[in-house]
Amino acid sequence: MNTRNPIVESPTVRPDRFLSVNFNQDHTCFSCSTEDGFQVYNTDPLDCKVVKKFNNLNQSGVAYTKMLYRTNYIALIGGGRRPRYPPNKLIIWDDLQQRESITLSFMSPVHEVFLSRVHIIVVLENAIEVYQFGSNPHKIVSSLDTVRNAVVDFVVCARKLRRSSSEQHSNGLSPAVTTGILAFPSVKSPGQVQIA
């Protein structure tokens, strides 16, 4: 008979397991998805800023989160053992109002999301969808075909517009246009990267 007490007591409540971790665009925060919601951390100093636990225990899992800079908008994709949303649905959560502000549904599972102040880019199994960010998002280009389960990257950049000497702005500065560059494997030319 073994009568010794265990050296390490096993906790009755297990700590949250992170299903995914993603930095925001300027790496000042990162978001973590869990089996019952999501969390947002500040990077310097390291500090938990937001903990969102969904009350419905049968539908609470979030498999993927993506923040929009340090704003209150967070992209969510359901997952885990008890997913809150189906995997083919993208939710933009407004943490300030504590509600879903945008819902986009697709015919295949959502693999990844990129957010900018102008765009919502959704990576699906064989395609990439580009929407204009807003309360009622609309597609701004037709679907971009890519290889199955492609690794996609998106970067936001600003460029200055060239202006002729005849054009003058009231402040004397050239206006900057915020745009994005999307890179993904080409479906028409295997082994090549397509830039959009």
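Below, the structure is looked at part by part. A quick note: this is a predicted structure, and the numbers were derived from the prediction, not measured.

**Topic: the sheet that holds strand β7 (residues 89-94)**
If you trace the 4 strands from one edge of the open sheet to the other, you get β5-β6-β7-β8, paired in antiparallel fashion. Because the sheet does not close on itself, it has two edges, and the strands there are β5 (62-67) and β8 (99-105). Put simply, the sheet's adjacent strands are angled 25° from each other on average, direction ignored. The sheet contact formed by strand β6 (residues 73-78) and β7 spans 4 bridges and is antiparallel.

**A few points about a nonpolar patch on the surface**
A cluster of nonpolar residues, Val-155, Ile-181, Val-193 and Ile-195, forms a patch on the protein surface that exposes about 370 Å² of accessible area. Residue placement: Val-193 occurs in strand β15 (residues 193-195).

**Description of the nonpolar core**
If you look at the biggest cluster of nonpolar residues, it comprises 18 residues, and the most contacted ones within it are Leu-90, Ile-92, Phe-106, Val-113, Leu-115 and Ile-120. Listing elements by their share of this core, those giving two or more residues are β6, β7, β8, β9 (112-115) and β10 (119-123). Beyond its immediate stretch of four places on either side in the chain, Ile-120 contacts Leu-90, Ile-92, Ile-102, Leu-104, Phe-114, Leu-115, Glu-129, Val-130, Tyr-131, Phe-133 and Pro-137. Counting residues in each nonpolar core, the second largest holds 12 residues, with Val-40, Val-50, Met-67 and Trp-93 among its members.

**What to know about unusual backbone geometry**
Cis geometry is found at the peptide bond from Asp-44 to Pro-45, where omega equals 0°. For Pro-45, the position within the fold is in the loop between β3 (37-43) and β4 (46-53). With a phi close to 60°, His-27 is a non-glycine residue in the positive phi region. Take His-27: it is sitting in the loop between β1 (18-23) and β2 (29-34). A positive phi angle, near 55°, is found at Gln-98, a position not held by glycine. Position of Gln-98 relative to the elements: it lies in the loop between β7 and β8.

**Some points on the sheet that holds β2**
Across the sheet, 4 strands lie side by side as β1-β2-β3-β4; this open sheet has antiparallel pairing. In the strand order of this sheet, the two ends are held by β1 and β4, each with one partner. When strand polarity is set aside, the average angle formed by the axes of neighbouring strands in this sheet is 20°. Pairing of β2 with β3 involves 6 bridges; the strand directions are antiparallel. Counted as the bridge partner of Phe-30 is Tyr-41 from β3.

**Thoughts on the side chain of Ser-116**
Relative to the helices and strands, Ser-116 resides in the loop between β9 and β10. The exposure class assigned to Ser-116 is buried, which follows from its relative accessible area of 4%. There is a polar contact of 2.8 Å between the side chain of Ser-116 and the backbone nitrogen of His-119. Beyond its immediate chain neighbours, meaning those up to four positions away, Ser-116 contacts Leu-68, Phe-133, Phe-154 and Val-156.

**Looking at the pairing of β9**
Judged from the 4 bridges that link them, β9 and β10 form a sheet pairing that is antiparallel. For Val-113, the partnering residue across the bridge sits in β10 and is Val-122. The hairpin turn running from β9 into β10, its antiparallel successor, is 3 residues long.

**Structural notes on the environment of Phe-30**
Its location among the elements puts Phe-30 in strand β2. For Phe-30, a relative accessible area of 15% corresponds to the buried category. Distance in space between the C-alpha atoms of Phe-30 and Arg-70 is 9.5 Å, their sequence separation being 40 residues. Aside from chain neighbours lying at most four places away, what touches Phe-30 is Val-21, Asn-22, Phe-23, Gln-39, Val-40, Tyr-41, Thr-43, Leu-46 and Met-67.

Calculation notes
- One numbering rule holds for all chains: residues counted from 1, following each sequence as written.
- In keeping with the model being predicted, local features are shown solely for residues with a pLDDT of at least 70 and side-chain atom pairs are shown and tallied solely at 80 or more, while totals for entire chains, interfaces and linings include all residues.
- With hydrogens and water stripped out, all remaining heavy atoms of the structure feed into the side-chain values.
- Pairing between strands is defined by DSSP: at least two bridges between them are needed.
- Secondary structure counts use DSSP, requiring at least four H or I residues in a row for a helix and at least two E residues in a row for a strand, with both numbered from the N terminus.
- Only the stretch in contact is used when a helix axis is fitted, and all axes are lines through C-alpha atoms; the angle between N-to-C directions ranges over 0 to 180 degrees.
- Only residues whose relative accessible area exceeds 30% and that form no salt bridge are eligible for patches; like-charged ones are grouped when within 9 Å, while nonpolar side chains (Val, Leu, Ile, Met, Phe, Trp, Tyr) are grouped when within 5 Å.
- What sets the accessible areas is the Shrake-Rupley method with a 1.4 Å probe; for residues, cover comes only from the shown protein chains.
- Here, a salt bridge means any Lys or Arg side-chain nitrogen found within 4 Å of an Asp or Glu carboxyl oxygen.
- Among buried residues, those of type Ala, Val, Leu, Ile, Met, Phe, Trp, Tyr and Cys that are joined through side-chain atoms within 4.5 Å constitute a nonpolar core.
- Summary of the burial criterion: residues with accessible area below 20% of their type's maximum are buried, those above 50% are exposed, and those between are partly exposed, where the area comes from a 1.4 Å probe applied to protein chains only.
- Here, residues are in contact when the closest pair of their heavy atoms is within 4.5 Å.
- Whenever a nitrogen or oxygen atom comes within 3.5 Å of another N or O atom, the pair is scored as a polar contact, on the condition that within protein one atom can donate a hydrogen and the other can accept it, and that pairs from neighbouring residues in sequence are kept only if both atoms are in side chains.

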